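Observations on the three-dimensional arrangement
This is what each chain is made of:
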Amino acid sequence: MSGLRLTLLGTFEARWGTSVISIPSKKVQALVAFLALHRGRTFSREQLATMLWSRSDAEHARASLRQSLLALRRLIPSNNTDLLRIDGDLIGLLQVEECDAELFRNLISEGELEEALSLYRGEFLEGLNIPEPEIEHWVSSERRRLSELALQAMFSLIESYRRSGKYERAIDLSLRSLSIDPLQEAVHRALMHVYAETDRAENAIEQFKRCQMLLRKELGVEPDHETRALYTQIKDRRLRKQSAKAKSPSNQADARRPVLACMSVVAAFCFVPLAHHAVSEPLAVSLDTEEVVELSDEVFRLPMGPKIAVLEFSDLNAGPDEYLFAKGLTHDVIDALTQFREYFVFAAQTMSNYRVASADVREVARDLGADYVVRGSVRRDAKRIRVIASVIDGASGAQLWSETYDRDLTAGSLIEIQDELAGRVAATIGTTGGVVARAGLISTQQTPPSNMDTLDCIYLAYDYWEKGTAESHQRAQDCLMKAVKTDAGYPMAWVQLAGLYQDEVILGYGTRADGPPALDLALDAAKRSVALDPHYNRAHEAVATTYFIRHDLDRFHRSARKALNLNPNDADTLAVLGMFMAFSGDWQVGVSLVDKASQLNPYHPPWYFYTIGKNHVRKGEYREALDVFKEMDMSDQWIFQLVMTYTNALGGNIDAARAARQRLEQLNPGIVIDDAVELYRQLNFEDSYISLVIDGLERAGVSDGETVTADQ
């Protein structure tokens with residue numbers, strides 16, 4: 001068979017039929033490759049000359065091109081058709097019998113992955129490095145595109161081999177993939193799965209440590225939640241086997257070693273259905289040489305909240321770069337949502353079975369039993385990227401929320417954009433004021449009190465944090481106090497109850513006639529939530545805020561750091577802890593956290609504004625503070641009217657201050673300046689801020705110890 005046959009994957013090679021054509025010049029090799037991959041197109045001599053000889057003047061560049069074309073034409077035997085198409089000033093390539101890079105791409109698109117990967121012998125034009133900006137950019141772009149296609153194909157095959165029990169092939173291909181890009185966490189994780197499924201736990205653990213070392217060294221990050229969870233499951237499974245072996249008749253001497261029950265919420269590592277587990281006391285377990293840890297009830301419990309399915313974001317550009325960005329964004333949204341422990345979020349591997357282009361949302365929801373489905377799309381051009389995300393009710397198919405995010409593209413910014421957008425989407429969906437919680441609250445408001453379960457009570461707590469009224473506080477607290485008596489093992493219920501006890505002290509809400517002090521109850525509830533789920537950020541947040549109100553600021557900061565590190569995308573955690581950090585004097589850090597929270601969740605509850613507004617007050621920026629407070633729409637909360645009273649007075653708006661004071665007296669009859677001072681001392685405000693509060697209230701007509709009345 002005669003004709004030009006090119007090998008561009010790996011070291012360049014050209015053949016005419018079975019005969020090797022020697023092309024020693026690197027630039028001529030690049031020229032042939034460029035024309036081959038743009039077959040059917042022609043380029044001007046000026047374009048090609050500039051691309052390959054940009055450092056020469058125009059005359060010398062064109063002369064070099066002429067010599068290269070002449071040399072190329074001489075390589076083909078004279079009795080064969082000319083290789084080149086030359087039409088005046090235009091040049092193209094006429095004959096290419098086979099080009100492995102082109103065939104590789106076609107096979108990938110046809111789903112022939114094994115055959116395609118047999119062609120991928122190395123990176124595109126391996127070893128070909130030409131210091132010319134245009135050709136260098138083209139070569140590096142092609143290398144990246146083809147490499148990404150190869151890695152995608154490898155990962156698909158690895159998963160296929162694993163599902164079909166072809167474990168050795170999966171291992172070989174995983175190692176090959178990691179030799180190309182060792183920072184592929186998903187491949188490390190797949191290899192861990194294969195090792196675990198073939199009873200090679202030690203190899204799986206070693207693979208995790210290798211992955212962790214590479215990510216730390218090269219990217220300065222830790223493995224994600226899914227990888228860490230798998231590592232823990234594999235270690236625990238190994239310990240179960242070791243313990244079972246120790247309890248066998250031949251190992252009675254070691255029979256006292258603890259036996260681990262099924263730890264994982266992943267069914268593959270469980271011996272019996274999770275719903276049937278009953279653990280009355282935490283189990284102390286020694287993990288190799290690590291410190292003793294405790295297994296909590298929450299380890300054995302599936303999330304009781306709504307089920308959320310995230311479809312793979314669709315790529316509207318249909319290019320490999322966009323596909324990877326869309327796929328990565330989907331994984332990041334799922335990972336970020338799993339940090340909100342009250343929700344059941346289907347894993348990425350489950351969702352990979354549903355192709356977004358053809359998926360019917362209600363059908364997906366019925367198939368999985370999902371309450372809500374998240375879907376989205378990605379589109380970009382040379383300068384901008386646009387992501388559209390939406391949340392759809394699984395039962396009705398109605399769209400509950402949609403948002404469009406536009407971002408500028410800069411060099412190396414895609415990963416940062418992906419992280420930012422994933423965090424914003426997850427925060428808008430997952431926070432207490434997010435779309436899922438709002439939808440659940442609407443349903444709860446239609447539920448008779450006698451029929452409410454624990455989740456309904458939690459939604460009532462969400463309603464309280466939105467409204468901030470004494471009535472909503474009482475309703476949520478009554479519901480939760482009953483709920484924890486029948487369902488004491490759900491950490492989110494204890495978290496919300498801790499916050500309601502705290503507001504008995506801060507705002508004077510609640511009508512409990514007797515029993516322990518509210519802050520003792522709050523700390524007990526918060527600690528219960530941590531014991532149930534030590535990795536739940538809001539449990540540590542509840543402990544932190546209780547310590548704050550108890551004026552134990554050292555313990556507050558320690559617990560606050562734990563909470564923030566466990567879920568840096570939970571806007572409510574950021575806003576609450578940022579607010580308390582600011583109030584106790586660390587305004588710079590506190591305001592920064594609240595700013596991030598506001599960006600993550602643009603539809604946040606109004607209390608987020610307190611930190612920003614009070615920061616303006618302390619700096620004497622009263623007009624700016626009032627502009628912020630006016631955004632809050634919390635006119636039925638007495639503490640809001642207190643803030644409006646002294647801020648208006650400090651800003652010289654005495655009439656507005658007196659109007660706010662009248663509303664304050666209606667909402668909290670008998671309040672005096674000493675009450676306000678006590679409130680701000682309870683919240684650890686600096687003396688300088690408390691002095692401003694006293695000054696403003698005095699200007700509004702309130703004196704120390706004097707009851708605020710409407711006629712003053």
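Just so you know, the residues in each chain are numbered from 1, in the order the chain's sequence is written. Confidence filtering applies because this is a predicted model: local features only for residues at pLDDT of at least 70, side-chain atom pairs given and counted only at 80 or more, and all residues used for totals across whole chains, interfaces and linings. Side-chain numbers come from the whole structure's heavy atoms, not from hydrogens or water.

1. Comments concerning the sheet that holds strand β2 (residues 13-16)
Sheet strands pair by backbone hydrogen bonding; their relative direction is either parallel or antiparallel. One requirement defines pairing of two strands: DSSP has to find at least two bridges between them. Helix and strand definitions follow DSSP, with helices as H or I runs of at least four residues and strands as E runs of at least two, each counted in order from the N terminus. As summarised here, the arrangement of the four strands in space is β3-β2-β1-β7, forming an open sheet in which the pairing is mixed. Here the strands that pair on one side only, and so sit at the sheet edges, are β3 (19-21) and β7 (98-99). For strand β1 (residues 4-7) and β2, the ladder comprises four bridges, and the chain directions are antiparallel. Its bridge partner lying in β2, R5 is registered against R15.

2. Some remarks on the state of the cysteines
Disulfide assignment relies on a single distance test, namely cysteine sulfur atoms paired within 2.5 Å. A full pass over the atoms with the stated rule returns one disulfide. A disulfide bridge connects C457 with C479, and the sulfur atoms are separated by 1.9 Å. Measuring handedness by torsion sign, the sulfur bridge of C457 and C479 sits at about -60° and is left-handed. Linking C457 in helix α16 (residues 454-467) with C479 in helix α17 (residues 470-486), this pair joins segments that are 22 residues apart in sequence. Accessibility classification places C457 together with C479 in one group, the buried group. Burial classes: relative accessible area under 20% of the type maximum marks a residue as buried, over 50% as exposed, and values in between as partly exposed (1.4 Å probe, protein chains only).

3. Side note on helix α26 (residues 638-650)
A helix is expected to reach a length of 1.5 Å times the quantity of its residues less one. With 13 residues, α26 extends 19 Å from end C-alpha to end C-alpha; this agrees with the ideal 18 Å at 1.5 Å per step. With respect to burial, α26 is a largely interior element, 13 of its 13 residues being buried. Positive phi shows up at G652, right after α26, with a value of about 85°.

4. A look at the sheet that holds strand β4 (residues 43-44)
With antiparallel pairing, the three strands of this open sheet are ordered in space as β4-β6-β5. Unpaired on one side and paired on the other, β4 and β5 (84-87) mark the two borders of the sheet. By the bridge criterion, two bridges tie β4 to strand β6 (residues 90-93) in an arrangement that is antiparallel. Within β6, the residue paired with S44 across the bridge is L90. Along the sheet face, helix α1 (residues 26-37) touches β4, β5 and β6 and points at about 80° away from the line of β6. On top of the sheet, helix α3 (residues 58-74) reaches β5 and β6; it is set at about 135° to β5, its chief contact. In what follows, residue pairs with any heavy atoms lying within 4.5 Å of each other are defined as contacts. Angles here are taken between N-to-C directions and fall from 0 to 180 degrees, while the axes themselves are lines fitted to C-alpha atoms, restricted in helices to the stretch in contact.

5. Describing the packing of helix α19 (residues 518-532) against helix α20 (residues 537-549)
For the pair α19 and α20, the least separation of the axes is 8 Å and the interaxial angle reads 155°. The angle between the axes of α19 and α20 places the two elements in the roughly antiparallel class. Every pair of crossing elements has a handedness; the one defined by α19 and α20 is left-handed. Contacts between α19 and α20 involve L519, A522, L523, A526, K527, S529 and V530 from the first element and A539, H540, A542, V543, T546, Y547 and I549 from the second. Nonpolar residues are Ala, Val, Leu, Ile, Met, Phe, Trp, Tyr, Cys and Pro. Charged residues are Asp, Glu, Lys and Arg, and all others, Gly as well, are polar. Each residue belonging to the contact of α19 with α20 can be placed in one class, and the counts come to 10 nonpolar, three polar and one charged. For this classification, under 35 degrees means roughly parallel, over 145 means roughly antiparallel, 65 to 115 means roughly perpendicular, and everything else is oblique. Put simply, a crossing is left-handed when the front helix is turned counterclockwise from the back one by less than a right angle, and right-handed when it is turned clockwise.

6. So, the environment of Q662
Within the secondary structure layout, Q662 lies in helix α27 (residues 654-667). Along the chain, Q662 and T645 lie 17 residues apart, while their C-alpha atoms are 9.1 Å from each other.

7. Observations concerning the packing of aromatic side chains
We call Phe, Tyr and Trp rings a pair once their centres come within 6.5 Å, taking the six-membered ring for Trp, and we label the pair stacked below 30 degrees between planes, edge-to-face above 60, and tilted otherwise. Scanning the entire structure with this criterion turns up 20 aromatic pairs. Measuring from ring centre to ring centre gives 6.3 Å for Y646 and Y689, while their planes differ by 85°; the resulting arrangement is edge-to-face. Placement of Y646 in helix α26 and of Y689 in helix α29 (residues 687-699) is noted, with a sequence separation of 43 residues between them. Owing to a relative accessible area of 0%, Y646 belongs among the buried residues under this scheme. On the accessibility criterion, Y689 (1% relative accessible area) is buried. Both rings, one in Y680 and one in F685, keep their centres 4.8 Å apart while their planes meet at 70°; by these two values the pair is edge-to-face. Ring pairing ties together the aromatic residues F548, F556, F580, F583, W587, Y646, Y680, F685 and Y689, which thus form one cluster.

8. Examining the packing of helix α28 (residues 673-682) against α29
One way to put it is that α28 packs onto α29 with a least axis distance of 10 Å and a crossing angle of 160°. Between α28 and α29, the angle falls in the class roughly antiparallel. As for the relative orientation of α28 and α29, their crossing is right-handed in sense. On α29, the residues that touch I673, A676, V677, Y680 and R681 of α28 are D687, Y689, I690, V693, I694, L697 and E698. Classifying every residue of the contact of α28 with α29 by side-chain character gives nine nonpolar, no polar and three charged.

9. Some thoughts on the pattern of salt bridges
Think of it this way: side chains of opposite charge can pair up when their charged atoms draw near. When a carboxyl oxygen of Asp or Glu lies within 4 Å of a side-chain nitrogen of Lys or Arg, that pair is called a salt bridge. If you walk through the whole model with that rule in mind, you get 27 salt bridges. A salt bridge links R169 to E114, with the shortest nitrogen-to-oxygen separation between them at 2.8 Å. Taken as a pair, R169 in helix α7 (residues 167-180) and E114 in helix α5 (residues 113-119) lie far apart in primary sequence, 55 residues in all. Because the salt bridges share partners, they merge into one network encompassing K27, R55 and E132.

10. Details of the pairing of strand β15 (residues 399-408)
Here strand β14 (residues 384-393) runs beside β15; their pairing, made up of nine bridges, is antiparallel. The residue bridging V387 from the neighbouring strand is Y405, located in β15. Two successive antiparallel strands, β14 and β15, enclose a turn made up of five residues, where G397 displays a positive phi of approximately 80°.

11. With respect to the confidence of the model for the chain
Per residue, pLDDT captures the predictor's confidence, and it can take any value from 0 to 100. When pLDDT is averaged along the chain, the result is 78, and 78% of the positions lie at 70 or above. Note on residues 250-301: pLDDT is under 50 here. Beyond four places in sequence and across chains, it has 92 contacts. Within the model, pLDDT remains below 50 along residues 446-451, and this stretch shows three contacts once partners closer than five positions in the same chain are excluded.

12. Section: the nonpolar core
Core analysis: the largest hydrophobic core is formed by 95 residues, its most contacted members being F556, V617, F629, W638, L642, Y646 and Y680. For this core, the leading source of residues is helix α22 (residues 571-583), giving 10 residues. With residues near it in sequence (within four places) discarded, V617 still touches Y622, A625, F629, Y646, T647, L650, Y689 and L692. Residues enter a nonpolar core if they are buried and are Ala, Val, Leu, Ile, Met, Phe, Trp, Tyr or Cys, with the set joined through side-chain atoms within 4.5 Å.

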